[in-house]
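An overview of the molecular structure
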Amino acid sequence: MSSEYDQIEVPDEGSKVTYEDGELVVPDDPIIPIIHGDGIGTDVGPAAQSVLNAAAEATGREINWMRVYAGETARERYDENLPDDTVDALREFRVSIKGPLTTPVGAGFRSLNVALRKKLDLYANVRPTYHLDGVPSPVKDPSEMDMVNFRENTEDVYAGIEFDAGTDEVAQVREFVEEEMGFDATIHDGPVGIGIKPITEFGTKRLVRQAIEYALENDRDSVTLVHKGNIMKFTEGAFRDWGYELAAEEFPERTVTEDELWDEHDGEAPPGVVVVKDRIADNMLQQILTRTDQYDVLAMPNLNGDYLSDAAGAQIGGLGIAPGANIGDGRVLAEPVHGSAPKYAGQDKVNPSAMILSGRIMLERLGWDDAADLVRDAVEAQISAKRVTYDIERQVEGGEKLATSEFAAEIVERIEERA
Ligand code: NAP
């Protein structure tokens, strides 16, 4: 391997995942960077590695792990939060996985997660939300939930264009808005904080493109654009309009709108065709509860995606289970939805399922669907057997409480038995 890094070791064995003609090209022995992460990352990171190793081996492959560092472990080793070597390795080796990173509260600390997504241009946060048999849920029939949420990761009110009350900057923006743009009676008198919400055609279209491609490749019925365009016409409304425009421009034969579905196809989409529809965000939050099975893939601006992914995740068992990945063109960084839960750090206690199932997304993106299915089935069988970590054990009757490492070891055994 020719790559040179000052601070991290590249494994002697293994090959690089590459990206050619818009596709990842994956060897059977890829080098995969992993950040265990802060807090409970030291528990769930190794647990996930053991399960992913078992699934790879059971399907005739081998993962060559490359430990890279960010957050507390990077500060201890290199006295910096996010070493260039780490970012370069994630960029070069393309497909990787990370545990949670702590963002200290207070001014001056930028989220390392946000920094990583920006530096690697991982513009879609993707969260598959499906129910595993045996996982306790607050809804009557959690099995109806089987959605994949695509949340735009780089713009909207998260772009960070904000001005603090009392500063010269906010005074300038206020003056421009009131005097130049004519919104003279809109902002109340007195101190004001102002944020700017950019939603671009470029950012919208690449996100919606990724969502439609996913739906087509995975035989999903629909992609729903979730927006608040009735109120924010030129930002969220534009997201909806650009979403439909992209579908019509780039997938004219493979997508239909809801109107076309009824006018031209009697409500039944032809095989291989995805219905593109839209819903207003507040309505969507109730639709996921009341008409769960009518939704498949959702494409959302950043803030809507934040709210909706968590609400959907709660329906299928919450944080210990919820997997995710940040995906750009030719790059994947899988990560659980949960944070570093510092009070449980190093106790071999928490549920590693979210990290393991994030690894499952990584395996799917490598094109190893057989290995990914083994992981899902084994986690589901383990939870159905009620041999679970504390978070699930406290919610199911007759459950047996296992440590993180015991839970993972039993999943490995199940994979080996099934292989
Ligand atoms: P959190 O770390 O997700 O933990 C909140 C609670 O969720 C825990 O106390 C625990 O609930 C439950 N939980 C989380 N992970 C679990 C697991 N694997 N198994 C079982 N239960 C689990 O959220 P937080 O306390 O708000 O955030 C802590 C730090 O993580 C912050 O610095 C935050 O910025 C960071 N964070 C990082 C990421 C990321 O890296 N992507 C994401 C979110 C937050 P119980 O107490 O009920 O057992």
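These remarks concern the structure in this document. (Residues numbered from 1 in each chain as written. Predicted model: local features only at pLDDT ≥ 70, side-chain atom pairs only at ≥ 80, totals over all residues. Heavy atoms only, no water.)

**Digging into the overall build of the chain**
Counted only if it meets this: Numbering goes from the N terminus for both helices and strands, where a helix is a DSSP run of H or I of at least four residues and a strand is a run of E of at least two. The globule rule used here is 2.2 Å times the number of residues to the 0.38 power, and the radius of gyration it is set against is calculated over C-alpha atoms. Type-normalised accessible area, obtained with a 1.4 Å probe on protein chains alone, sets the label of each residue: buried when under 20%, exposed when over 50%, and partly exposed for intermediate values. A contact between two residues is defined here by any heavy atoms of the two lying within 4.5 Å. For the area figures, the Shrake-Rupley method with a 1.4 Å probe applies, and any residue is considered shielded solely by the protein chains shown. The charge count treats Lys and Arg as positive and Asp and Glu as negative. His and the chain ends do not count. For charged residues, the charge sits on one atom: NZ in Lys, CZ in Arg, CG in Asp, CD in Glu.
Helices and strands together make up the secondary structure of the chain, namely 14 helices and 17 strands. Taking 2.2 N^0.38 as the reference for a compact globule, 419 residues should give roughly 22 Å; the C-alpha atoms of the chain span a radius of gyration of 22 Å, in line with that estimate. Principal-axis analysis of the C-alpha atoms gives the chain an extent of 65 × 60 × 50 Å. Out of the 419 residues in the chain, the part that is buried amounts to 52%. Considering only residue pairs separated by 6 or more positions, the chain has 73% of its internal contacts joining residues 24 or more positions apart. Of the roughly 19,300 Å² that the chain leaves accessible, carbon and sulfur atoms contribute 45%. Of the charged side chains in the chain, 40 are positive and 82 negative; the average position of the first set lies 4 Å away from that of the second.

**Concerning empty space enclosed by the protein**
Here is the rule: A pocket, in this scheme, is an open set of points on a 1 Å grid over the protein atoms alone with protein on both sides within 12 Å along at least 5 of 7 lines, while a cavity is a set where a 1.4 Å probe fits but cannot get out; residues line either one if an atom lies within 4 Å of a point. Grid points are joined across faces, edges and corners, and a volume is the space filled by probe spheres set on the points. Polar here means any residue outside two lists: the nonpolar Ala, Val, Leu, Ile, Met, Phe, Trp, Tyr, Cys and Pro, and the charged Asp, Glu, Lys and Arg; Gly therefore counts as polar.
According to the stated counting rule, one finds one cavity of 30 Å³ or more in the structure shown. Estimated volume of the largest cavity: approximately 50 Å³. Taken together, Arg127, Pro128, Thr129, Ser309, Gly313, Ile316, Ala322, Pro323 and Val337 make up the lining of the largest cavity. Contributions of two or more residues to the lining of the largest cavity are made by strand E6 (124-130) and helix H10 (302-315). Tallying contributions element by element places E6 first for the lining of the largest cavity, with three residues. Here the lining of the largest cavity is built from residues that sort into five nonpolar, three polar and one charged.

**What to know about the pattern of salt bridges**
Two side chains of opposite charge can pair, provided their charged atoms sit close to one another. Just so we agree on the cut-off: We define a salt bridge as a side-chain nitrogen of Lys or Arg found within 4 Å of a carboxyl oxygen belonging to Asp or Glu.
A full pass over the atoms with the stated rule returns 25 salt bridges. Note that Asp28 is salt-bridged to Arg61, the shortest N-O span being 4.0 Å. Of this pair, Asp28 sits in the loop between strand E2 (23-25) and strand E3 (31-35) while Arg61 sits in the loop between helix H1 (41-58) and strand E4 (64-67), and the two are 33 residues apart along the sequence. The closest approach of N and O atoms between Lys197 and Asp156, which form a salt bridge, is 2.6 Å.

**Observations regarding the packing of helix H6 (residues 201-217) against helix H7 (residues 236-250)**
Test applied: Axis lines are fitted to C-alpha atoms, over the contacting stretch for helices. Their N-to-C directions set the angle, which ranges from 0 to 180 degrees. Angles are sorted into four bins: roughly parallel if under 35 degrees, roughly antiparallel if over 145, roughly perpendicular if 65 to 115, and oblique for all others. Crossing chirality is assigned from the near helix's rotation relative to the far helix, an anticlockwise turn below a right angle marking it left-handed and a clockwise turn marking it right-handed.
Closest axis-to-axis distance for the H6/H7 pair is 9 Å, and the angle between their directions is 55°. Relative to H7, the element H6 is oriented oblique. Our pair here, H6 against H7, has a crossing hand that is right-handed. Facing Glu201, Thr204, Lys205, Leu207, Val208, Arg209 and Ile212 of H6, the residues of H7 in contact are Phe239, Trp242, Gly243, Glu245, Leu246, Ala247, Glu249 and Glu250.

**Thoughts on the pairing of E6**
Here is the rule: Paired strands, as defined in this entry, are two strands with at least two bridges between them according to DSSP.
The element E6 is extensively covered by neighbouring structure, given that seven of its seven residues are classed as buried. Here E6 shows two buried faces, one formed by Ala124, Val126, Pro128 and Tyr130 and the other by Asn125, Arg127 and Thr129. Sheet topology note: the E6/strand E14 (residues 325-328) ladder contains three bridges and is antiparallel. If you follow Val126 over to E14, its bridge partner there is Ala325.

**Brief notes about helix H11 (residues 353-365)**
Worth spelling out the cut-off: How far a helix is expected to stretch is found by multiplying one less than its residue total by 1.5 Å.
Its 13 residues give H11 an end-to-end C-alpha distance of 18 Å, which sits within 8% of 18 Å, the value for a rise of 1.5 Å per residue. Of all 13 residues in H11, 11 are buried, a share of seventy percent or more. Every buried residue belonging to H11 is among Ser353, Ala354, Met355, Ile356, Leu357, Ser358, Gly359, Arg360, Ile361, Met362 and Leu363, and all of these are buried. Phi turns positive one or two residues past the end of H11, at Gly367, with a value near 85°.

**Some details on the site of the ligand**
Rules: By convention in these notes, a residue is near a molecule or strand provided one of its non-hydrogen atoms lies within 4 Å of it. Within 3.5 Å is the distance limit for a polar contact, defined as a pair of N or O atoms, with the added protein rule that one can donate a hydrogen and the other accept it, and that residues adjacent in sequence qualify only through two side-chain atoms.
Lining the immediate environment of the ligand, one finds 23 residues, of which Leu101, Gly339, Ala341, Tyr344 and Tyr390 sit closest. Within the side chain of Glu335, one N or O atom sits 3.2 Å away from a nitrogen atom of the ligand. Burial of the ligand by the surrounding chains reaches 70%, relative to a free accessible area of 880 Å². For the shell around the ligand, a count of residues per class yields 10 nonpolar, eight polar and five charged.

**Focus on the packing of aromatic side chains**
Our working rule: Centre distance within 6.5 Å is the pairing criterion for rings of Phe, Tyr and Trp, where only the six-membered ring of Trp is used; planes under 30 degrees apart are then read as stacked, over 60 as edge-to-face, and the remainder as tilted. Lysine and arginine charges are scored as sitting over a ring when NZ or CZ, respectively, is within 6 Å of the ring centre and within 35 degrees of the ring normal.
Applying the stated criterion across every chain, the model contains three aromatic pairs. Positioned over the ring face of Tyr69 is Arg77, at 4.0 Å from the centre of the ring. A cation over a ring is seen here: Arg151 above Tyr158, with NZ or CZ 5.1 Å from the ring centre.

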